[in-house]
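# Summary of structural features
Letter by letter, the chains look like this.
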Amino acid sequence: MNNPAVRLIFLLLTLALCADGSAGEAKPDTATQSDQSAIAVFAGGCFWCVEADFDKLSGVLSTESGYTGGELKNPTYEQVSHGGTGHAESVRVTYDPEKVSYEQLLDYFWRHVDPTVKDRQFCDVGNQYRTAIFYQDDAQRRAAQASKAALEKSGRLAHVYTEIAAAAPFYPAEEYHQDYYKKNPIRYRYYRTNCGRDARVNKIWGKKD
């Protein structure tokens, strides 16, 4: 999300509102889950947008923006957005498997990203904005690989660059990033529209109802 003409302005404004110190380091976190919930982790570019998309899906209990996939411990947003940490902006999805399956989450994920590009999403460029599926166990790995293979076999897309990797430590993003689309709806909508996310997704997958 380092597009200087679009997002930097919003981040500076947001950081100004968070001058009380809430924008500190991200800390590693282990998600707690009950017998009725499960975890899935996806990277799809701007985590504000991925979080907002998954919050709309029935069966999703909660979402959390964060960083994963890299080696740097306790990364900050500034470090990740600058690049070179190996981390991707990601979203941890807690869901009820009785209401929505992991396979359905995968299908939903594909249809809200552009998997045809490498190390970018929409106006955000860099490895930190890559698309990725971070599987939690062998069942998720098999499902993710099968889902990607089916998409490639369909011939619908020329290339599918989305990474499939084992889950790594997940570092929740700073508090001002959580539910950003709810806290700052006007700025969020302006960013999403000007970044071209929905226009590109609609072009690839067809406009949603």
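Above this note sits the structure.
Here we summarise the structure given alongside this text. (Residues numbered from 1 in each chain as written. Predicted model: local features only at pLDDT ≥ 70, side-chain atom pairs only at ≥ 80, totals over all residues. Heavy atoms only, no water.)

Let us now look at the state of the cysteines. One pass over the structure, following the stated rule, counts one disulfide. Between Cys123 and Cys195 runs a disulfide, and the two sulfur atoms are separated by 2.0 Å. Between Cys123 and Cys195 the sulfur-sulfur dihedral comes to about -105°; the bridge is accordingly left-handed. Of the two residues, Cys123 is situated in the loop between strand S4 (120-121) and strand S5 (124-125) and Cys195 in helix H7 (residues 185-195); the sequence distance between them amounts to 72 residues. Residues Cys123 and Cys195 agree in their burial class; the two are buried. Between Cys46, a free cysteine, and Cys49, which holds the nearest cysteine sulfur, the sulfur-to-sulfur gap is 3.4 Å. Note on Cys49: relative accessible area 1%, which makes it buried. (Disulfide = S-S within 2.5 Å. Helix = DSSP H or I, 4+ residues; strand = E, 2+ residues; numbered from the N terminus. Buried < 20%, exposed > 50% of the residue type's maximum accessible area, 1.4 Å probe, protein only.)

Right, let's talk about the pairing of strand S7 (residues 163-166) for a bit. Regular strands place their side chains on alternate faces of the sheet. Direction of pairing for strand S6 (residues 131-135) relative to S7: parallel, over a ladder of four bridges. Bridge pairing in S7 places Phe134 opposite Ala165. In terms of handedness, the path from S6 via helix H5 (residues 138-154) over to S7 forms a crossover that is right-handed. (Pairing = 2+ DSSP bridges. Right-handed = clockwise from strand over helix to strand, strands pointing away.)

Turning our eyes to something else, we now look at helix H2 (residues 47-54). Across the eight residues of H2, eight count as buried, placing the element largely inside the fold. When we look at burial in H2, the residues that qualify are Phe47, Trp48, Cys49, Val50, Glu51, Ala52, Asp53 and Phe54.

In contact at an axis separation of 11 Å, H2 and H7 are set at 105° when each is read in the N-to-C sense. One finds that H2 runs roughly perpendicular with respect to H7. Taking contact as the criterion, the partners of Trp48, Cys49, Ala52 and Asp53 in H2 are, on H7, Tyr188, Tyr191 and Arg192. Here the contact of H2 with H7 is built from residues that sort into five nonpolar, no polar and two charged. (Axes fitted to C-alpha atoms, helices over the stretch in contact; angles between N-to-C directions. Parallel < 35°, antiparallel > 145°, perpendicular 65-115°, else oblique. Contact = heavy atoms within 4.5 Å. Nonpolar A, V, L, I, M, F, W, Y, C, P; charged D, E, K, R; others polar.)

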